[in-house]
Amino acid sequence: QKEVEQDPGPLSVPEGAIVSLNCTYSNSAFQYFMWYRQYSRKGPELLMYTYSSGNKEDGRFTAQVDKSSKYISLFIRDSQPSDSATYLCAMRSMDSSYKLIFGSGTRLLVRP
Amino acid sequence: GAVVSQHPSWVICKSGTSVKIECRSLDFQATTMFWYRQFPKQSLMLMATSNEGSKATYEQGVEKDKFLINHASLTLSTLTVTSAHPEDSSFYICSATVYTEAFFGQGTRLTVV
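Residues numbered from 1 in each chain as written. Chains lettered and ligands numbered in written order. Predicted model: local features only at pLDDT ≥ 70, side-chain atom pairs only at ≥ 80, totals over all residues. Heavy atoms only, no water.

Draft legend 1. Summary view of a nonpolar patch on the surface. All names here are of chain B. A cluster of nonpolar side chains, namely W10, I12 and V113, defines an oily patch on the protein surface of about 370 Å² accessible area. Residue placement: I12 occurs in strand β2 (residues 10-13). Owing to a relative accessible area of 53%, I12 belongs among the exposed residues under this scheme. (Patch = residues over 30% accessible without salt bridge, like charges linked within 9 Å, V, L, I, M, F, W, Y side chains within 5 Å. Areas by Shrake-Rupley, 256 points an atom, 1.4 Å probe, with all protein chains shown as cover. Salt bridge = Lys/Arg side-chain N within 4 Å of Asp/Glu carboxyl O. Helix = DSSP H or I, 4+ residues; strand = E, 2+ residues; numbered from the N terminus. Buried < 20%, exposed > 50% of the residue type's maximum accessible area, 1.4 Å probe, protein only.)

Structure below.
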């Protein structure tokens, strides 16, 4: 079993839809959670970073963490064609290695 | 956010030659940088942790003599793919951590012919 599970998609939605992306994890030591957006042939771009259970909002993006269920989500409101990309969840523990464990990534397509 | 610059963005080399990829933190000092490899439609695979002033720590299965990592300063880490072969063709990405957030370079697409 992978430490982090993420549905690879692809997920296709119409423009303006609310998108829900999810990851589950098995390691209770994970304390820091991140969402990255990666366009084709580009490096990942940090979208959201959280370290506690609950919600964090930034513009059209909301990150949600439920440590009791080992489940994290990223919601995108009013999705745009420019949001079409691969979304990667990542997480790490509090040790000093700073190593990130990534999900496999979900490919999102927002149709005009 | 912090800026990590990676160079070159793409490179084509002949089989048997070596290729060097640079990763720079532009507006902060990074004592630790990471090198990843990514195959098409797959997630990032951590290759090694690059530590300033000391030897890199390689993940299991990564050949340290094949992928030479040097972290000579607090703003520069380099990955050299030695005696490259077509199977080394891939997308290589570096990252650096600022406090607890990780920022990535633009990636380098290596094609070995």
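Draft legend 2. Representation of the sheet that holds strand β8 (residues 76-81) of chain B in the model. Residues and elements named next belong to chain B. Spatial strand order, β1-β3-β8-β7: 4 strands in an open sheet with antiparallel pairing. Single-partner strands in this sheet number two, and they are β1 (4-7) and β7 (67-73). Sheet twist, expressed as the average angle between the axes of neighbouring strands with direction ignored, equals 15°. Examined bridge by bridge, β1 and strand β3 (residues 19-25) share 4 bridges and lie antiparallel to one another. Paired with V4 across the bridge in β3 is S25. (Pairing = 2+ DSSP bridges. Axes fitted to C-alpha atoms, helices over the stretch in contact; angles between N-to-C directions.)

Draft legend 3. Expanded view of the packing of aromatic side chains. A complete count under the given rule lists 10 aromatic pairs over all chains for this structure. The structure contains a cluster of three or more aromatic residues connected by ring pairs, namely Y36 and F102 of chain A together with Y36 and F104 of chain B. (Phe/Tyr/Trp six-rings, centres within 6.5 Å; stacked < 30°, edge-to-face > 60°.)

Draft legend 4. Just the side chain of S77 of chain B, in detail. Residue and element names in this part refer to chain B. In this structure, S77 sits in strand β8. At 3.0 Å, the side chain of S77 forms a polar contact with the side chain of S50. Contacts of S77, omitting those with residues within four sequence positions, involve I21, E22, C23, M33, W35, S50, I69, N70 and H71. (Polar contact = N/O pair within 3.5 Å; in protein donor to acceptor, adjacent residues only side chain to side chain. Contact = heavy atoms within 4.5 Å.)

Draft legend 5. Just unusual backbone geometry, in detail. In this model, G9 of chain A is joined to P10 of chain A through a cis peptide bond whose omega is 10°. Residue position: P10 of chain A is located in the loop between β1 (4-6) and β2 (11-14). One non-glycine residue, R41 of chain A, lies in the positive phi region at around 65°. Among the secondary structure elements, R41 of chain A is positioned in the loop between β4 (30-38) and β5 (45-50). Positive phi outside glycine occurs at K41 of chain B, with the angle close to 60°. Along the chain, the position of K41 of chain B falls in the loop between β4 (32-38) and β5 (44-51).

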